[in-house]
Amino acid sequence: MSIYPLGLRLEGRRVLLVGGGTVATRRVPALIAAGARVEIVSPELTPTLQGHVDAGRVVWTPRRFAPGDVEGAWLVHVAVDDPEAAAQVSVAAEQNRIFCVRADDRDAATAWTPAVTRHGQVTVAVTDGGDRRRAMAVRDMVANVLEASPPAAPELKGVALVGAGPGDPELITVKGRRLLAAADVVVADRLVPGMLLGELRPEVELIDAAKIPYGPQAAQEEINRILVDRATQGKFVVRLKGGDNFVFGRGGEEALACAQAGVPVLVVPGVTSSIAAPALAGIPVTHRGVAHEFTVISGHIPPDHPDTLVDWPALARMRGTIVVMMGLKNLPKIAERLIAEGRSADTPVGVVQEGSTAHQRSLTSTLGAVAEETATAGIRPPAVVVIGEVVTVGESFTPAAG
């Protein structure tokens, strides 16, 4: 059968979906993203679809389909596993000259849903002639090419603050990788996965922020200046940081500097090592019945320093998990202060070095002994310290390597 491919503009147009199960759950997000007025007719809904209804994104009529439901629709999706009920919808759609997608019988449908991949303004749809696996394989091949190719230049302006994740190059987001492939200039920190930088186009200007020859504060001012300077030259700039730019990454300072200069800023969150590194070592920062809260603090300033903003007495009184980043150097003073403020010296502590990378190491100790044992083990930065009962939760399992 020969088909005629077409892209539908559904913004503000009514789309009827008959059925409220798992197939409907998969169809609805793309329809919402397209701006369609989605109406579902079904006696029941999945919890996910109910969430869309509660949020006002979808209208639900809680009953079985009636032929009059198709009137006024631009498109009909049938997502029921009852052939007779599905056929009834098809007949009503055909009589009203409305295209109808059938999840149960593609041969009885007047429209098909293709395998789709989206990259910025580019949407690729692959139809299959019945071989769905082949269509998905073709889609995935195209997706891989698009991820490695920059999108059209007019789409990207200014500065993108992109979180690169905890260290494994595969843990950067799809959007982050796409923008990195489109960059004219990349300003990167030392904790950025090197494999990502190796994928940059040859003509990209790569600026290693760790080599800017100034003191800490002056270096940040110079980074801000570079971001603004390159963006005002009409170049698309990616500021690439390990983890997430807004978790002790000074992303806020960079965003403000760009905003003050009139440079548009795009924020792409990253997987923060404060959660990822413990998880990859088998430590959940929260766990039912163990910890209902976790607090992430920077340990680059010792507890007795006048510039610290941490309320150490309050932190020690909390029953939840404490995650310390950039705190290996000051770990002896941090542990000492928490114990002095009332936290038990027997509190379990986990230390994870270079989480998500091939060099990941972890150590389990107690608050009273962790400083000495970490030093003896030769644990070095970057490392994440987890303090709390959750450290013992993962002792019975070891996450598989990806």
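Residues numbered from 1 in each chain as written. Predicted model: local features only at pLDDT ≥ 70, side-chain atom pairs only at ≥ 80, totals over all residues. Heavy atoms only, no water.

Caption draft 1: Region of the structure containing the overall build of the protein chain. Assigned secondary structure in the protein chain consists of 12 helices and 17 strands. Taken over the C-alpha atoms alone, the protein chain extends approximately 80 × 55 × 35 Å along its principal axes. Per-residue burial over the protein chain gives 43% buried out of 402 residues. Put simply, 61% of the contacts in the protein chain that link residues at least 6 apart link residues at least 24 apart. For the protein chain, the accessible area works out to roughly 21400 Å², and carbon and sulfur atoms hold 54% of it. In the protein chain, 39 positive and 44 negative side-chain charges are present, and the distance between their average locations comes to 4 Å. (Helix = DSSP H or I, 4+ residues; strand = E, 2+ residues; numbered from the N terminus. Buried < 20%, exposed > 50% of the residue type's maximum accessible area, 1.4 Å probe, protein only. Contact = heavy atoms within 4.5 Å. Areas by Shrake-Rupley, 256 points an atom, 1.4 Å probe, with all protein chains shown as cover. Lys, Arg positive; Asp, Glu negative; His and termini not counted. Charge placed at Lys NZ, Arg CZ, Asp CG, Glu CD.)

Caption draft 2: Inspection of the pairing of strand β4 (residues 75–78) at higher detail. The alternating pattern of β4 places L75 and H77 on one face and V76 and V78 on the opposite face, and all of these are buried. As defined by bridge partners, strand β1 (residues 14–18) adjoins β4 across 4 bridges and the pair is classed as parallel. Each residue of the ladder has a partner; that of L17, found in β4, is H77. Of the pairings in the sheet, the one linking β4 to strand β5 (residues 99–102) comprises 4 bridges and is parallel in character. (Pairing = 2+ DSSP bridges.)

Caption draft 3: Representation of the sheet that holds strand β3 (residues 58–61). Strand order across the open sheet formed by 5 strands is β3-β2-β1-β4-β5, with parallel pairing between neighbours. In this open sheet, the two edge strands, each paired with only one partner strand, are β3 and β5. Going across the sheet, the axis of each strand differs from the next one's by a mean of 20°, ignoring polarity. Strand contacts of helix α3 (residues 83–95): β1, β4 and β5, with the helix running at about 165° to β5, the strand carrying the most contacts. (Axes fitted to C-alpha atoms, helices over the stretch in contact; angles between N-to-C directions.)

Caption draft 4: Representation of a nonpolar patch on the surface. On the surface, Y4, L6 and L8 cluster together into a nonpolar patch covering about 410 Å² of accessible area. Tracing the backbone through its elements, the reader meets Y4 in the segment before β1. (Patch = residues over 30% accessible without salt bridge, like charges linked within 9 Å, V, L, I, M, F, W, Y side chains within 5 Å. Salt bridge = Lys/Arg side-chain N within 4 Å of Asp/Glu carboxyl O.)

Caption draft 5: How the structure looks around helix α1 (residues 22–33). Buried residues of α1: A24, T25, V28 and L31, and no others. With its buried residues spanning 130° around the axis, α1 presents them on a single face. More than 90 degrees from the buried face of α1, the exposed residues found are T22, R26 and A33. Close packing links the buried residues of α1 with β1, β2 (37–41), α2 (47–54), β3 and β4. (Arc of directions from axis to C-beta.)

Caption draft 6: Inspection of the packing of aromatic side chains at higher detail. Applying the stated criterion across every chain yields a total of 0 aromatic pairs. Taking NZ or CZ as reference, R13 lies 4.6 Å from the ring centre of W74, over its face. For the cation-ring pair, R106 lies above W112, with the distance from its terminal atom to the ring centre recorded as 3.7 Å. (Phe/Tyr/Trp six-rings, centres within 6.5 Å; stacked < 30°, edge-to-face > 60°. Lys NZ or Arg CZ within 6 Å of the ring centre and 35° of its normal.)

Caption draft 7: Structural detail: the sheet that holds strand β8 (residues 159–163). Taken together, 5 strands build an open sheet; the order of strands is β10-β9-β11-β8-β12 and the sheet is parallel. The open sheet has two edge strands with one neighbour each: β10 (205–208) and β12 (265–268). Mean inter-strand twist for the sheet, computed between neighbouring axes without regard to direction, equals 15°. In the sheet, β8 pairs with β12 via 4 bridges, with the strands oriented parallel.

Caption draft 8: Main features of helix α8 (residues 251–260). What α8 keeps buried is the set G251, E254, A255, A257 and C258. Take α8 and look down its axis: the buried residues cluster within an arc of 160°, on one side only. Exposed and facing more than 90 degrees away from the buried side of α8 are L256, A259 and Q260. A positive backbone phi angle near 75° is found at G262, which sits one or two residues after α8.

Caption draft 9: Just the environment of P399, in detail. For P399, the position within the fold is in the segment after β17 (383–387). Through-space distance from the C-alpha of P399 to that of E389 is 19 Å; in sequence the pair is 10 residues apart. When sequence neighbours within four positions are dropped, the list of residues in contact with P399 reads A279, L280, A281 and G282.

Caption draft 10: Fine view of the environment of I297. Inspection of the secondary structure puts I297 in strand β13 (residues 294–298). Using a relative accessible area of 6% as the deciding quantity, one classes I297 as buried. Ignoring any residue separated from it by four or fewer positions in sequence, one finds I297 in contact with F248, V310, W312, L315, I322, V323, V324 and M325.

Caption draft 11: Spatial organisation of the packing of helix α11 (residues 331–340) against helix α12 (residues 370–377). Axis separation between α11 and α12 bottoms out at 8 Å; the angle between their running directions is 160°. With respect to α12, the axis of α11 lies roughly antiparallel. For α11 against α12, the interelement crossing comes out right-handed. Mapping the contact onto sequence places L331, P332 and A335 in α11 and V370, A371 and T374 in α12. (Parallel < 35°, antiparallel > 145°, perpendicular 65-115°, else oblique. Left-handed = near helix turned anticlockwise from the far one by under 90°.)

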